[in-house]
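Chain and residue survey
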Amino acid sequence: MIEPSTYRSIAVASTFSPRFKQVLAEAKRIRDRFGSQLSLVYVGECTSETTKKFSEALAELKLPPDPVIHYQQGDPAEAILKAASENDVDLIVAGALEKELVLHQFLGNVARRLVRDANCSVMLFTRPDAEPKPLRQIVFIADYSDHSREALKKTFQLALAEGCECLYVISVVTTFDQARASLQGHGEAKTDEAEEEALEKFVLSAGATEVPIDARCIRGNTGFVAADFVQAIKADLLVVPLSASADGDRTLPGNTAWILDVIPCNLWVIR
């Protein structure tokens, strides 16, 4: 079990969709990993019918029969965000509600809002399972910030608990990044060797871990190159650290803005 202080309170966004029990099972797995308190968020009224459905699902998954359930009315995304904010939730767990189109999967509207606007961390499952599969291949997108380093430490812990076979720590370098660095007077773009040395130094700064790590610099024209990499290695989880800007701007950095549209696998956004 991961240190309890990491995520004290986890809330699962609950609907009575066909994947309701699967999402709840995934939330239970994450609760167990972090040693957290698990609550539920339901957008709708508390009725005898909803109470019965929750009771049956909780019993089937061997969860406590009397969890805290936050009932909210209104727009689903707004309701979930409000419940999380008002109840000091540290991590929201939800289904991604993605749809497939050609070679990529696209985030549903509610999931997109959670990724963009939640004040806490968010974990989305694209194909939740009633018997959660281990997260064997994990990809972490590094940006070298202090927040990213702390997020990597959390990822080490989860990866170890999951028996992760390989944790890929990647740095995404786009042609736009290189052009911007030149325009801002930062000199020529870093060589591949310099980028790799910086990434290796960053990984080492997060401390020791028993998890096998593969650090790579991924280059491409846009941040979508990261999505292609995640799909190529058939990753089980993508980890993206996001820190709020000083002025409260919720815009995602260019290298990670694509996750608001494309979700190549399960996603963990760490705030």
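Below: a short report on this structure. (Residues numbered from 1 in each chain as written. Predicted model: local features only at pLDDT ≥ 70, side-chain atom pairs only at ≥ 80, totals over all residues. Heavy atoms only, no water.)

1. Quick word on the pattern of salt bridges
- Taken as a whole and assessed by the stated rule, the structure comprises 14 salt bridges.
- For the salt bridge of Glu60 with Lys21, the shortest nitrogen-to-oxygen distance reads 2.8 Å. Of this pair, Glu60 sits in helix 2 (residues 48–60) while Lys21 sits in helix 1 (residues 20–34), and the two are 39 residues apart along the sequence.
- For Lys21, a relative accessible area of 33% gives the class partly exposed.
- Here Lys153 and Glu150 are joined by a salt bridge, their closest N and O atoms 3.1 Å apart. A residue pair is termed a helical-turn pair when its members lie 3 or 4 positions apart in one helix, as Lys153 and Glu150 do in helix 5 (residues 146–161) at 3 residues.
- For Lys153, a relative accessible area of 31% corresponds to the partly exposed category.
- Three or more residues are tied together by salt bridges with common partners; here these are Glu26, Arg29, Arg33 and Glu162. (Salt bridge = Lys/Arg side-chain N within 4 Å of Asp/Glu carboxyl O. Helix = DSSP H or I, 4+ residues; strand = E, 2+ residues; numbered from the N terminus. Buried < 20%, exposed > 50% of the residue type's maximum accessible area, 1.4 Å probe, protein only.)

2. Describing the sheet that holds strand 10 (residues 213–220)
- The 10 strands lie next to each other as 3-2-1-4-7-12-11-8-9-10, forming an open sheet whose pairing is mixed. With partners counted over all chains shown, the strands left at the sheet margins are strand 3 (69–72) and strand 10, one partner each. With strand direction ignored, the average angle separating the axes of adjacent strands in the sheet is 20°.
- Examined bridge by bridge, strand 9 (residues 166–174) and strand 10 share 8 bridges and lie parallel to one another. For Val169, the partnering residue across the bridge sits in strand 10 and is Ala215.
- Packed on one face of the sheet, helix 2 meets strand 1 (9–14), strand 2 (37–43) and strand 3 and runs near 145° to strand 3. (Pairing = 2+ DSSP bridges. Axes fitted to C-alpha atoms, helices over the stretch in contact; angles between N-to-C directions. Contact = heavy atoms within 4.5 Å.)

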